[in-house]
Amino acid sequence: MAYSNIQLDALKEVMNIGGGKAATTISQMVGSVIRMRVPEVNILSYDELYQQVMADDQEVYTVLSSIHGDLKGAMLFVITDPAAKEISSLMMGTDQGVTEEIKVSAVSELTNIVSSSFLTSIGGMLEKKLKPEVPVSSFDMFGAVISSAYMEFEQFGDEIMVIRNEFTYDSNYLEASLYFIPELGVIDKMIKSLGV
């Protein structure tokens, strides 16, 4: 798994553009400025991921949405409990009465919007048809979720390509990330489409 800095930068730019489109859609929905940026497109070991991004035993809400079409893989949205409550409050317009059911529903709805917007933008740039499937929600430890998600898409090695988007709103960091997890060979197809 070897890519040049130019190739990784090109991937990062595609993800930034897709993230910008998704963030605009969310901002319009919640009436507050939400920003999304790609802090990293990198190849990391699982240990490095848990040290740099989030501890493997951190409990999180996750939503996994498989991608079908010309490029296969998944979008994995990961959010901590406090951030899920914050997002739910923004979507409801109040911080009163945010139940567990409301948090799960809000996170799933947010993931639907983000994934569709993100994939529409990326698909347009790469001239590929991409479609998210019905998402699957869970509440589990970050390590268990991330390792099973990568293995599901045939990435069994000790190192994984981490394409991670980070959210902020009103200049505050929101402890949530969106991961693009490609099947084997998809990154090479993307790089070829970009001509780098």
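Look above for the structure.
As a starting point, this report considers the structure included with it. Every value quoted in this text rests on a predicted model; they were computed, and no experiment measured them. (Residues numbered from 1 in each chain as written. Predicted model: local features only at pLDDT ≥ 70, side-chain atom pairs only at ≥ 80, totals over all residues. Heavy atoms only, no water.)

1. Examining the overall build of the chain
Point 1. Assigned secondary structure in the chain consists of six helices and seven strands.
Point 2. Taking 16 Å as the expected radius of gyration for a compact globule of 196 residues, we find that the chain reaches 16 Å, a close match to that expectation.
Point 3. Projecting the C-alpha coordinates of the chain onto the three principal axes gives extents of approximately 50 × 35 × 30 Å.
Point 4. Here the contacts in the chain between residues at least 6 apart in sequence split such that 73% fall between residues at least 24 apart.
Point 5. Here the chain has roughly 9400 Å² of accessible surface; of this, 48% comes from carbon and sulfur atoms.
Point 6. Distance from the positive charge centre (13 side chains) to the negative charge centre (27 side chains) of the chain: 10 Å. (Helix = DSSP H or I, 4+ residues; strand = E, 2+ residues; numbered from the N terminus. Rg over C-alpha atoms; globule rule 2.2 N^0.38 Å. Contact = heavy atoms within 4.5 Å. Areas by Shrake-Rupley, 256 points an atom, 1.4 Å probe, with all protein chains shown as cover. Lys, Arg positive; Asp, Glu negative; His and termini not counted. Charge placed at Lys NZ, Arg CZ, Asp CG, Glu CD.)

2. A look at the packing of helix α1 (residues 5–30) against helix α6 (residues 186–194)
Point 1. Packing of α1 against α6 brings their axes to within 10 Å, and their N-to-C directions diverge by 90 degrees. Classified by the angle their axes make, α1 and α6 are roughly perpendicular. Contacts between α1 and α6 pair Q7, A10, L11, V14 and M15 from the former with I187, M190, I191 and L194 from the latter.
Point 2. When the residues that make up the contact of α1 with α6 are grouped by side-chain class, the tally is eight nonpolar, one polar and no charged. (Axes fitted to C-alpha atoms, helices over the stretch in contact; angles between N-to-C directions. Parallel < 35°, antiparallel > 145°, perpendicular 65-115°, else oblique. Nonpolar A, V, L, I, M, F, W, Y, C, P; charged D, E, K, R; others polar.)

3. Description of unusual backbone geometry
Apart from glycine, the bulk of residues carry a negative phi angle, and the bulk of peptide bonds sit in the trans form.
Point 1. Positive phi outside glycine occurs at E127, with the angle close to 60 degrees.
Point 2. Structurally, the position occupied by E127 is in the loop between α4 (100–126) and β4 (130–132).
Point 3. Judged by its relative accessible area of 72%, E127 is exposed. (Buried < 20%, exposed > 50% of the residue type's maximum accessible area, 1.4 Å probe, protein only.)

4. Digging into the pattern of salt bridges
Point 1. Summed over all chains, the structure comprises two salt bridges.
Point 2. Where K103 meets D81, a salt bridge forms, and the shortest distance between an N and an O atom there is 2.7 Å. On the criterion of sequence distance, the pair formed by K103 in helix α4 and D81 in helix α3 (residues 81–92) is long-range, its members being 22 residues apart.
Point 3. The salt bridge involving E100 is made with K103; its shortest N-O contact spans 3.6 Å. Remark: K103 and E100 occur in helix α4; sequence separation between them is three residues, near one turn of the helix.
Point 4. In this structure K103 comes out as buried when scored by relative accessible area, which is 7%.
Point 5. Beyond isolated ion pairs, a larger network of salt bridges with shared partners links D81, E100 and K103. (Salt bridge = Lys/Arg side-chain N within 4 Å of Asp/Glu carboxyl O.)

5. Focus: empty space enclosed by the protein
Point 1. Across all of its chains, the model carries one cavity of 30 Å³ or more by this definition.
Point 2. Approximately 40 Å³ is the volume attributed to the largest cavity.
Point 3. Around the largest cavity, the lining residues are M15, I67, L71, L119, I122, L130, F180 and M190.
Point 4. When grouped by side-chain class, the residues that make up the lining of the largest cavity number eight nonpolar, no polar and no charged. (1 Å grid on protein atoms, 1.4 Å probe; cavity = no way out; pocket = protein on both sides within 12 Å on 5 of 7 lines; lining within 4 Å. Points joined across faces, edges and corners; volume = space filled by probe spheres on them.)

6. Focus on the environment of L71
Point 1. In this structure, L71 sits in the loop between β2 (59–69) and β3 (73–80).
Point 2. For L71, a relative accessible area of 3% translates into the label buried.
Point 3. Taking the C-alpha atoms as reference points, L71 and V186, separated by 115 residues in sequence, lie 6.0 Å from one another.
Point 4. When near neighbours in sequence (up to four residues on either side) are disregarded, L71 contacts L126, K128, K129, L130, V186, K189 and M190.

7. Some details on the packing of aromatic side chains
Point 1. Taken as a whole, this structure holds four aromatic pairs when the rule is applied.
Point 2. Summarising the aromatic geometry, the rings of F142 and Y179 are spaced 6.3 Å apart at their centres and angled 40 degrees between planes, so their arrangement reads as tilted. Pair noted here: F142 is in helix α5 (residues 142–152) and Y179 is in strand β7 (residues 172–182), with a separation of 37 residues, a long-range link.
Point 3. According to the relative accessible area criterion, Y179 is buried, its value standing at 1%. (Phe/Tyr/Trp six-rings, centres within 6.5 Å; stacked < 30°, edge-to-face > 60°.)

By themselves, these are just geometric observations and shouldn't be taken as functional.
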